[in-house]
Amino acid sequence: MTSGELHLGFVSTGAAASARSRRIGSTCGCRRVVVSAPRRSTNGVARLRAAMEDDAEALSDREHHASSNNEKMDGGGSSSLDPSSTSNSNADDDVLSNRDWRAFRARLVAAEASSKLSAGAASAISGPEPSVYAQTHMKDTSRWAHIVSNVERGCLLVAAPVGFQGSQAYFEQSVIVIIEHNEAGTVGFILNRPLTYSLSGSGFQFCGELAHSLKSNFENSALYFGGDCGGTTLSLIHPYRNLQGAVEVVDGVWAGGLHSLIAARERGEVDLSKVRFFSGYCGWAPGQLEREIENGVWFLAASSANVVTAQCLNLKRPLWRQVLDMLGGSYAQIARQFDLMDAADQ
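All of the points below concern the structure found in this document. All values reported here derive from a predicted model rather than from experimental measurement.

## Quick word on the overall build of the chain
Next up, step 1: For the chain, the helix and strand inventory stands at 11 helices and 12 strands.
Next up, step 2: In the chain, of all internal contacts separated by at least 6 residues, the share reaching a separation of at least 24 is 75%.
Next up, step 3: Summed over its atoms, the accessible surface of the chain is roughly 16200 Å², and 49% of this surface lies on carbon and sulfur atoms.

Here you go:
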């Protein structure tokens, strides 16, 4: 794949999806909350924005540290996708066993958070103060999220609490995984917009054996509204490596490879709860996403693979709030404010 190519393994349906494939379901566990002036003061929003700007100042040194350690871990070259591969690095075995350098970076963030807590002086140190939720989940390295300063493949776009109304209301409180980002543009899928029906009821039309295989293996699989581009494309992400046609996004997240996935499913090797199907996708022209981030439309975060591949159905707490809470500090304050608004409405 060349650096200027956007390749995601999309499957063209050969016919337009039915009109109802544009309707967004209500099963994501996220009641839409429109922030209006009476519910939150202008001063409160200003304080949150100022706090988030302060939080961001500590990121550059942290990410530089992670990048430097990553180069030491992999000897300056790319690591093999083979789980059995080894490294000549002298780093500890626990670090070496993790092929995803982002997880190593997350451990640095967790260590920093732990240090602040043990010192009892989080408010006096620059950087985000960990929330209780974040403290719990950052200790469990299987599920984590933290702020990053630059768009990167596999990162999350977390919608700011204000900014999406009218025709783009589907972006409100959205969490988007970036599948590809290069000089040709950016592509991602909205993770928390399940449609009101399964894959079999989507109106997508496939021919011959593929239609039969999809129905027999994934008939009841949830379908998500991936974005407002490419409404006649069916896309998928999953955690399964070594599937022909699949493209690695980051370690633990793969896109495409539908035919190989069907074969693996028929062999009983696929957990349906870890496969996510999307109708359409989000797309940005070169430089467009960066401008939106500069304008405060999105927060940028890295996360563990299971945050991306887990289904977003009937959640006790909306994914948007979960991710904000894992980010800690002023981001967690936003999530708590929406929790309080919900409690006040009950």
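Moving on, there is more to tell.
## A look at the packing of aromatic side chains
Next up, step 1: In total, this model carries 11 aromatic pairs according to the counting rule given.
Next up, step 2: When the centroid spacing of 5.1 Å and the interplanar angle of 85° are considered together, the rings of Trp 320 and Phe 338 count as edge-to-face. Here Phe 338 lies in helix H11 (residues 329-345) and Trp 320 lies in helix H10 (residues 319-327), a separation of 18 residues in the sequence.
Next up, step 3: Trp 320 gets classed as buried once you look at its relative accessible area, which sits at 0%.
Next up, step 4: Grouped by ring-pair contacts, the aromatic residues Phe 164, Tyr 170, Phe 171, Phe 225, Trp 284 and Trp 298 constitute a single cluster.

## Some details on the nonpolar core
Next up, step 1: Judged by nonpolar contacts, the single largest core of 79 residues is most densely connected at Leu 156, Leu 191, Phe 277, Trp 298 and Leu 324.
Next up, step 2: Among the elements that line this core, the one with the most residues is H10, at 6 residues.
Next up, step 3: Among all residues touching Leu 324, those that are not within four sequence positions of it are Val 158, Phe 299, Tyr 331, Ala 332, Ile 334 and Ala 335.

## Some remarks on helix H7 (residues 258-266)
Next up, step 1: For H7, the set of buried residues is Leu 258, Ser 260, Leu 261, Ile 262 and Ala 264.
Next up, step 2: Looking one or two places after H7, you find Gly 268, whose phi comes out positive at around 75°.

## Some thoughts on the environment of Glu 219
Next up, step 1: Along the chain, Glu 219 turns up in the loop between helix H6 (208-218) and strand S7 (222-225).
Next up, step 2: The class for Glu 219 is partly exposed, based on a relative accessible area of 33%.
Next up, step 3: Taking C-alpha positions, Glu 219 is 4.9 Å from Ser 200, a pair spaced 19 residues apart along the chain.
Next up, step 4: Every residue in contact with Glu 219, bar those within four places of it in the chain, is listed here: Ser 198, Leu 199, Ser 200 and Leu 214.

## Considering the pairing of S7
Next up, step 1: Here S7 shows a buried face lined by Ala 222 and Tyr 224 and a second buried face lined by Leu 223 and Phe 225.
Next up, step 2: Strand direction decides the pairing type here: strand S6 (residues 194-198) and S7, joined by 2 bridges, are antiparallel. The residue bridging Ser 198 from the neighbouring strand is Ala 222, located in S7.
Next up, step 3: Inspection of the sheet shows S7 paired to strand S11 (residues 276-284) by 3 bridges, in the parallel sense. Of the residues in S11, the one forming a bridge with Phe 225 is Ser 279.

## Looking at the pattern of salt bridges
Where charged atoms from two side chains of opposite charge approach closely, those side chains can pair.
Next up, step 1: In total, this model carries 8 salt bridges according to the counting rule given.
Next up, step 2: For Arg 153, the salt bridge is made with Glu 180, and the minimal N-O distance between the two is 3.8 Å. Of this pair, Arg 153 sits in the loop between strand S2 (145-147) and strand S3 (156-159) while Glu 180 sits in strand S4 (residues 175-182), placing them 27 residues apart in sequence.
Next up, step 3: Among the salt bridges present, the one from Arg 321 reaches Asp 342, with a minimum N-O distance of 2.8 Å. Placement of Arg 321 in helix H10 and of Asp 342 in helix H11 is noted, with a sequence separation of 21 residues between them. Asp 342 shares its class with Arg 321; the two are buried.
Next up, step 4: Among the ionic contacts, a cluster of salt bridges with common partners joins Arg 317, Arg 321, Asp 325, Asp 339 and Asp 342.

## What about the packing of H6 against H7?
Next up, step 1: For the pair H6 and H7, interaxial distance at closest approach is 10 Å and the crossing angle is 50°. Between H6 and H7, the crossing angle belongs to the class labelled oblique. Seen from above, H6 lies across H7 with left-handed handedness. Counted together, Leu 210, Ser 213, Leu 214, Asn 217 and Phe 218 of H6 and Leu 258, His 259, Leu 261, Ile 262, Arg 265 and Glu 266 of H7 form the full contact between these two elements.
Next up, step 2: Along the lines of polarity and charge, the residues of the contact of H6 with H7 split into 6 nonpolar, 3 polar and 2 charged.

Procedures and definitions
Residues numbered from 1 in each chain as written. Predicted model: local features only at pLDDT ≥ 70, side-chain atom pairs only at ≥ 80, totals over all residues. Heavy atoms only, no water. Helix = DSSP H or I, 4+ residues; strand = E, 2+ residues; numbered from the N terminus. Contact = heavy atoms within 4.5 Å. Areas by Shrake-Rupley, 256 points an atom, 1.4 Å probe, with all protein chains shown as cover. Phe/Tyr/Trp six-rings, centres within 6.5 Å; stacked < 30°, edge-to-face > 60°. Buried < 20%, exposed > 50% of the residue type's maximum accessible area, 1.4 Å probe, protein only. Core = buried A, V, L, I, M, F, W, Y, C linked by side-chain atoms within 4.5 Å. Pairing = 2+ DSSP bridges. Salt bridge = Lys/Arg side-chain N within 4 Å of Asp/Glu carboxyl O. Axes fitted to C-alpha atoms, helices over the stretch in contact; angles between N-to-C directions. Parallel < 35°, antiparallel > 145°, perpendicular 65-115°, else oblique. Left-handed = near helix turned anticlockwise from the far one by under 90°. Nonpolar A, V, L, I, M, F, W, Y, C, P; charged D, E, K, R; others polar.

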